[in-house]
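Close look at the chain arrangement
Each chain is listed here by its residues.
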Amino acid sequence: MSQPVRAARRRIQAEHVSIVDGIDACADAIADPWDTSRTTDGDAVADGLRRALEEAGILRLLPDVLADVVEATGYDLQARPVPGPPYVVVTSRGPVLRATIDPGRLVVRFDAFDVVRDAEPGRKPAYRRLDGIELVVSLE
């Protein structure tokens, strides 16, 4: 794990626990009405999570989290991030923050859902709620 990745992870774990907890609560709200532990509607997961994050006020805070995380790496952002692509994207797994810094693209994923692929051809993937949020930080 590189120094920027470690610094980014540490900053999130130290300073942005409330954001991680908020993402977790929004993901719980999305998965709560499901009849089973899974759904095959990835669009509903992503759209529902985006809506829940927006209603909770978390979506508008994610660019600030990204700016703070980049600052922790010791690098600078090329532009001020906004709560939309390419900086903030809400996927069927969870929110993704992206910034280009000097050594490459810093990517922060807050995975709330896992994609479960069926071995049988033609079957849609299913989305399963993870137990909490899995923080994945990488430099690509």
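Being a predicted model, the structure only gives us computed values, none of them experimental.

1. Digging into the packing of aromatic side chains
What the rule picks out here adds up to 1 aromatic pair. When the ring of tryptophan 34 is compared with that of phenylalanine 113, the centres are 5.8 Å apart and the planes differ by 40°; the resulting orientation is tilted. Of this pair, tryptophan 34 sits in the loop between helix H2 (17-31) and strand E1 (38-39) while phenylalanine 113 sits in strand E4 (residues 104-116); the two residues are 79 residues apart in sequence, bridging distant segments of the chain. With respect to burial, tryptophan 34 and phenylalanine 113 carry one shared label: buried.

2. Description of the packing of helix H1 (residues 3-15) against helix H4 (residues 62-73)
Following both chains from N to C, one finds H1 and H4 inclined at 130°, their axes separated by 8 Å at the closest point. Here H1 lies oblique to H4, going by the angle between them. The two elements H1 and H4 meet at a crossing, and its hand is right-handed. Contacts from Gln3, Pro4, Ala7, Ala8, Arg11, Ile12 and Glu15 in H1 reach Asp68, Val69, Glu71, Ala72 and Thr73 in H4. Class assignment for the residues of the contact of H1 with H4 results in 6 nonpolar, 2 polar and 4 charged.

3. Regarding the nonpolar core
With 37 residues, the main nonpolar core has Leu49, Leu53, Leu62, Leu97, Val108, Phe110 and Phe113 as its most contacted residues. Of all the elements in the fold, those that place two or more residues in this core are H1, H2, helix H3 (42-55), H4, strand E2 (88-90), strand E3 (95-101), E4 and strand E5 (126-139). No other element matches H2, which puts 7 residues into this core. If sequence neighbours within four positions are ignored, phenylalanine 113 has contacts with Ala27, Ile30, Ala31, Trp34, Val45, Leu49, Ser92, Arg93, Arg128, Arg129 and Leu130.

4. Brief notes about the side chain of arginine 129
Position of arginine 129 relative to the elements: it lies in strand E5. Within the structure, the side chain of arginine 129 is placed 3.0 Å from the side chain of aspartate 28, a separation counted as a polar contact. Within the structure, arginine 129 has its side chain in polar contact with the backbone oxygen of alanine 112 (distance 3.0 Å). In contact with arginine 129, not counting residues within four places along its chain, are Asp24, Ala27, Asp28, Ala31, Trp34, Ser37, Ala112 and Phe113.

Rules and cut-offs
- Residues numbered from 1 in each chain as written.
- Predicted model: local features only at pLDDT ≥ 70, side-chain atom pairs only at ≥ 80, totals over all residues.
- Heavy atoms only, no water.
- Phe/Tyr/Trp six-rings, centres within 6.5 Å; stacked < 30°, edge-to-face > 60°.
- Helix = DSSP H or I, 4+ residues; strand = E, 2+ residues; numbered from the N terminus.
- Buried < 20%, exposed > 50% of the residue type's maximum accessible area, 1.4 Å probe, protein only.
- Axes fitted to C-alpha atoms, helices over the stretch in contact; angles between N-to-C directions.
- Parallel < 35°, antiparallel > 145°, perpendicular 65-115°, else oblique.
- Left-handed = near helix turned anticlockwise from the far one by under 90°.
- Contact = heavy atoms within 4.5 Å.
- Nonpolar A, V, L, I, M, F, W, Y, C, P; charged D, E, K, R; others polar.
- Core = buried A, V, L, I, M, F, W, Y, C linked by side-chain atoms within 4.5 Å.
- Polar contact = N/O pair within 3.5 Å; in protein donor to acceptor, adjacent residues only side chain to side chain.

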